[in-house]
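# Summary of the model geometry
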Amino acid sequence: MVTYAEDIALRPSPSRAHRTGLLLAAARVAFVALLGLAWQVAPESILPSYAVGRPRTIASRLWDLTKDDQLFRALWSTCLAVLYALVIGALIGIGLALVASTRIGGWVLGPIITVAYAVPKVALIPVYVIMLGIETRTHVVLVVSMVLFAYFFSMRQAIDELDQQQVIALRLMGASRVTVVRVLTLRSAVPHLLGATRIGLPLAFGIEVFAELRVPTVHGLGVLLSDAANNLDPNGAMAVALFIVVVAYLLDLLIGAQLRRYTKSVGLGMR
Amino acid sequence: MRRALARIGGTLAQWVVAIAVVYGAWRLVVSPQLPPGFSASPEEVLTKLRSWFSDGTAWDMIGRTLGEALTGLAIGSCIGIAIALALGFSHPVVERFFEPFIGALYAMPKFVLVPVLFVWIGAGFTPRMVIIAVGTVPIVAIYTLSGIRTVDPDRVRMMRLFGARGWQVVGKLLVPHTAGHIATGLTLALPHAMFVAIGAEILFGGDDGIGGVLNTQAQLFDAPAVFGALTIATVLSVVLLAVLRLVSRRLLGVDLERARPAWG
């Protein structure tokens with residue numbers, strides 16, 4: 001068992017940690033460059049250029065897509081749909097969790113949520129296309145049906161962990177149910193809802209790209225990828241695919257860092 | 001006895017009310033939204049399901065989707081465990097070096113591979129399985145690594161002092177110690193594999209598997225078939241989740257409820 005003092009003593013000094021971090025970053029860049037080089041010179045029999053392109057051409061396609069603003073317009077469109085879906089999904093998930101926390105609500109909603117949660121959401125896309133058409137709202141509805149469960153279960157957990165003594169105290173002071181929800185339940189659920197966003201955001205982004213691939217509308221990263229593939233442009237397709245991977249990773253890092261900062265600021269973070 | 005009967009009665013009543021609510025919502029809210037000619041009553045869906053089960057179509061669909069999911073899961077798990085063991089055995093700096101790459105693989109929307117694999121390998125079993133394997137690798141690697149991190153280094157040193165070789169340390173200490181973590185990773189990866197399998201079937205546009213049938217029948221506007229395939233997918237997921245929860249609780253002592261929001 002390492003004590004706190006030992007833990008502090010064993011940690012590398014900030015300047016050394018900084019130096020190691022910089023060296024690691026440089027080594028990673030070199031590693032990626034080496035992979036790129038291997039890909040560039042790989043024989044056609046191993047990595048056919050008609051399918052995966054070549055890094056030099058991919059870089060030039062990426063530059064073209066950036067220069068004429070296509071890439072960022074598509075990113076904006078995808079992010080906007082994800083944002084709408086997260087907000088709507090959060091509102092529905094939180095609302096359902098609040099209803100399910102009442103005795104009758106929980107009794108009626110319990111089996112419905114169990115079955116609805118088990119539906120593989122990607123399987124709903126053909127039904128949504130028939131119901132809503134080839135529209136951005138079809139994507140949003142699909143993403144909502146996926147992320148609302150992350151918020152529902154997180155909110156339920158927050159309600160279960162609520163200090164009942166505080167609820168009773170508030171009720172004794174004359175607070176209505178709505179006031180209890182507003183001043184106590186929702187406030188104490190913030191870390192849980194942030195956790196749900198941590199899970200929901202990458203999930204929403206992935207499903208939005210899936211929806212755009214299946215239901216290509218006007219804009220969106222999935223639409224751009226689908227267009228490049230349909231035009232038999234492997235370099236364009238790889239450029240967009242790699243861009244999507246980088247964006248997904250950065251989103252994951254960003255929301256993870258924000259969550260860590262928040263939990264640290266409220267004293268829930270790890271030492 | 002009376003209490004058990006009351007509990008069963010209560011659960012039954014709960015399900016009857018839930019089915020009535022869903023049926024009412026379907027009739028009043030969903031049905032009017034559907035285009036004319038695309039609506040199916042529960043009786044029509046049941047008839048379709050009965051015919052599918054009697055002529056073996058349903059078993060083919062389930063077998064195909066499960067087959068893809070399980071093969072992809074098996075291959076992805078082997079690669080994930082191998083990566084975790086290699087990183088677990090190396091210097092901590094090497095593990096830190098590869099961390100962002102595993103993170104990127106985990107965060108990557110797996111369906112971006114569909115257009116590339118479609119041109120490269122085609123649209124059959126193999127590309128779908130590749131996507132599932134790619135999705136499984138980071139999940140299993142992360143769980144296995146977290147298990148390896150909990151191994152007591154003194155034990156490893158002691159085995160080394162007694163002359164144990166690397167593979168003996170892996171076989172006699174690391175694998176048994178991390179078995180619980182690996183199993184947890186696998187139980188979390190299986191529903192994910194099912195979800196990716198159905199999604200890949202839809203995107204690759206074949207007519208086999210649950211996703212393939214859903215896609216084809218939706219294009220034909222065959223509503224009973226679409227909702228029949230959706231029912232099969234849902235029941236399969238419910239059964240899979242129930243079995244996984246039971247296995248993980250009984251054999252591993254792990255509560256999968258906590259990881260639930262990550263599935264979909």
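This is a predicted model, so every value here is computed, not measured. (Residues numbered from 1 in each chain as written. Chains lettered and ligands numbered in written order. Predicted model: local features only at pLDDT ≥ 70, side-chain atom pairs only at ≥ 80, totals over all residues. Heavy atoms only, no water.)

### Considering the pattern of salt bridges
One side chain can pair with another of opposite charge once the charged atoms of both are near each other. Applying the stated rule across the entire model yields eleven salt bridges over all chains. A:Asp252 is the salt-bridge partner of A:Arg198, the closest N and O atoms lying 2.7 Å from each other. Separated by 54 residues along the polypeptide, A:Arg198 in helix 11 (residues 190-214) and A:Asp252 in helix 13 (residues 234-265) bring together distant segments of the chain. Residue classification places A:Arg198 among the partly exposed positions, given a relative accessible area of 29%. Among the residues examined, A:Asp252 registers a relative accessible area of 12% and is labelled buried. What you see here is one network of salt bridges that share partners, running through B:Arg64, B:Glu68, B:Arg128 and B:Asp208. (Salt bridge = Lys/Arg side-chain N within 4 Å of Asp/Glu carboxyl O. Helix = DSSP H or I, 4+ residues; strand = E, 2+ residues; numbered from the N terminus. Buried < 20%, exposed > 50% of the residue type's maximum accessible area, 1.4 Å probe, protein only.)

### Points about the nonpolar core
In terms of nonpolar packing, the biggest core is built from 121 residues, with A:Phe205 and B:Trp52 touching the most fellow members. In terms of residue count, helix 8 (residues 136-160) of chain A provides more of this core than any other element does, 15 residues in total. A:Phe205 has contacts with A:Thr78, A:Val82, A:Leu221, A:Ile244, A:Val247, A:Ala248, A:Leu251 and B:Pro109, leaving out every residue within four places of it along the chain. Among the nonpolar cores identified, the runner-up in size contains ten residues, and B:Ala84, B:Leu87, B:Ile102 and B:Leu174 belong to it. (Core = buried A, V, L, I, M, F, W, Y, C linked by side-chain atoms within 4.5 Å. Contact = heavy atoms within 4.5 Å.)

### Quick word on the confidence of the model for chain A
For chain A, the average pLDDT comes to 86, and 93% of its residues sit at 70 or higher. The least confident element of chain A is helix 1 (residues 4-10) of chain A, whose mean pLDDT is 58; the most confident is helix 5 (residues 70-100) of chain A, at 93. (pLDDT = per-residue confidence, 0-100.)

### Some remarks on the interface of chain A and chain B
Counting residues at the interface gives 53 residues for chain A, matched by 53 residues for chain B. Contact between chain A and chain B buries roughly 4,800 Å² in total, counting both sides, with carbon and sulfur atoms accounting for 82%. Counting the surface chain A buries against chain B, the share from its top three residues, A:Trp107, A:Tyr117 and A:Ile130, is 14%. In this assembly, chain A and chain B are joined by zero salt bridges. Ranked by residues supplied to the side of chain A that touches chain B, first place goes to helix 11 of chain A with nine residues. Split into classes, the residues belonging to the side of chain A that touches chain B amount to 45 nonpolar, four polar and four charged. (Buried area = accessible area lost by both parts, 1.4 Å probe. Nonpolar A, V, L, I, M, F, W, Y, C, P; charged D, E, K, R; others polar.)

### As for unusual backbone geometry
Residue and element names in this part refer to chain A. One non-glycine residue with positive phi stands out, namely Asp-69, at about 70 degrees. Structurally, Asp-69 can be placed in the loop between helix 4 (55-67) and helix 5. Looking at Asp-69, the relative accessible area reads 41%, which means it is partly exposed.

### Regarding the packing of helix 5 of chain A against helix 11 of chain A
Residues and elements named next belong to chain A. Put simply, helix 5 and helix 11 touch, their axes get as near as 9 Å, and they point 130 degrees apart. Here helix 5 lies oblique to helix 11, going by the angle between them. Along this stretch, helix 5 crosses helix 11, giving a crossing that reads as right-handed. Residues Thr-78, Ala-81, Val-82, Leu-86 and Ile-94 of helix 5 form the contact with helix 11, whose own contacting residues are Leu-193, Gly-200, Leu-201, Ala-204, Phe-205, Glu-208 and Glu-212. Here the residues of the contact of helix 5 with helix 11 are counted per class, giving eight nonpolar, two polar and two charged. (Axes fitted to C-alpha atoms, helices over the stretch in contact; angles between N-to-C directions. Parallel < 35°, antiparallel > 145°, perpendicular 65-115°, else oblique. Left-handed = near helix turned anticlockwise from the far one by under 90°.)

### As for the packing of aromatic side chains
Enumeration over the complete set of coordinates arrives at 15 aromatic pairs over all chains. Between the aromatic rings of A:Phe72 and A:Phe243, the centroid separation amounts to 6.0 Å while the plane-to-plane angle is 90 degrees, which identifies the pairing as edge-to-face. Here A:Phe243 lies in helix 13 and A:Phe72 lies in helix 5, a separation of 171 residues in the sequence. The class of A:Phe243 is buried, set by a relative accessible area of 15%. Ring geometry for B:Phe111 and B:Phe195: centres 6.2 Å apart, planes at 75 degrees, overall edge-to-face. Of the two residues, B:Phe111 sits in the loop between helix 4 (92-107) and helix 5 (113-120) while B:Phe195 sits in helix 8 (residues 166-204), which places them 84 residues apart along the sequence. (Phe/Tyr/Trp six-rings, centres within 6.5 Å; stacked < 30°, edge-to-face > 60°.)

### Brief notes about a nonpolar patch on the surface
A cluster of nonpolar side chains, contributed by A:Tyr50, B:Phe118, B:Val119, B:Trp120 and B:Ile121, occupies part of the molecular surface with about 460 Å² of accessible area. For the nonpolar patch, the element with the most residues is helix 5 of chain B, which contributes three residues. Structurally, B:Phe118 can be placed in helix 5. (Patch = residues over 30% accessible without salt bridge, like charges linked within 9 Å, V, L, I, M, F, W, Y side chains within 5 Å. Areas by Shrake-Rupley, 256 points an atom, 1.4 Å probe, with all protein chains shown as cover.)

### Some points on the side chain of B:Thr144
Residue and element names in this part refer to chain B. Inspection of the secondary structure puts Thr-144 in helix 6 (residues 125-149). Given the relative accessible area of 0%, Thr-144 is considered buried. There is a polar contact of 2.6 Å between the side chain of Thr-144 and the backbone oxygen of Val-140. (Polar contact = N/O pair within 3.5 Å; in protein donor to acceptor, adjacent residues only side chain to side chain.)

### Quick word on the environment of A:Leu221
Residues and elements named next belong to chain A. Summarising the element assignment, Leu-221 is placed in helix 12 (residues 221-230). When the C-alpha positions of Leu-221 and Tyr-249 are compared, they lie 15 Å apart, and in sequence the two are 28 residues distant. With sequence-adjacent residues up to four places away left out, Leu-221 is seen in contact with Leu-71, Ala-74, Leu-75, Thr-78, Phe-205, Glu-212, Val-240, Phe-243 and Ile-244.

### Description of helix 7 (residues 153-161) of chain B
The opening residue of helix 7 of chain B is B:Asp152, an N-cap whose side-chain oxygen sits 3.1 Å from the backbone nitrogen of B:Asp154. B:Gly163 occupies a position one or two residues after helix 7 of chain B and carries a positive phi of about 90 degrees.

### Side note on the side chain of B:Glu201
Among the structural elements, B:Glu201 can be located in helix 8. Those residues in contact with B:Glu201 that lie beyond four places of it in its chain are B:Arg64, B:Thr65, B:Glu68, B:Arg128, B:Gly206, B:Asp208, B:Gly209, B:Ile210, B:Gly211 and B:Gly212.

### Considerations on the environment of B:Ile210
All names here are of chain B. Within the element layout of this structure, Ile-210 appears in helix 9 (residues 209-219). Overall, the relative accessible area of 0% leaves Ile-210 in the buried class. C-alpha of Ile-210 to C-alpha of Ile-62: the two residues are 148 residues apart in sequence and 6.6 Å apart in space. Leaving out residues up to four positions away in the same chain, Ile-210 has contacts with Met-61, Thr-65, Glu-201, Ala-229, Ile-232, Ala-233 and Leu-236.

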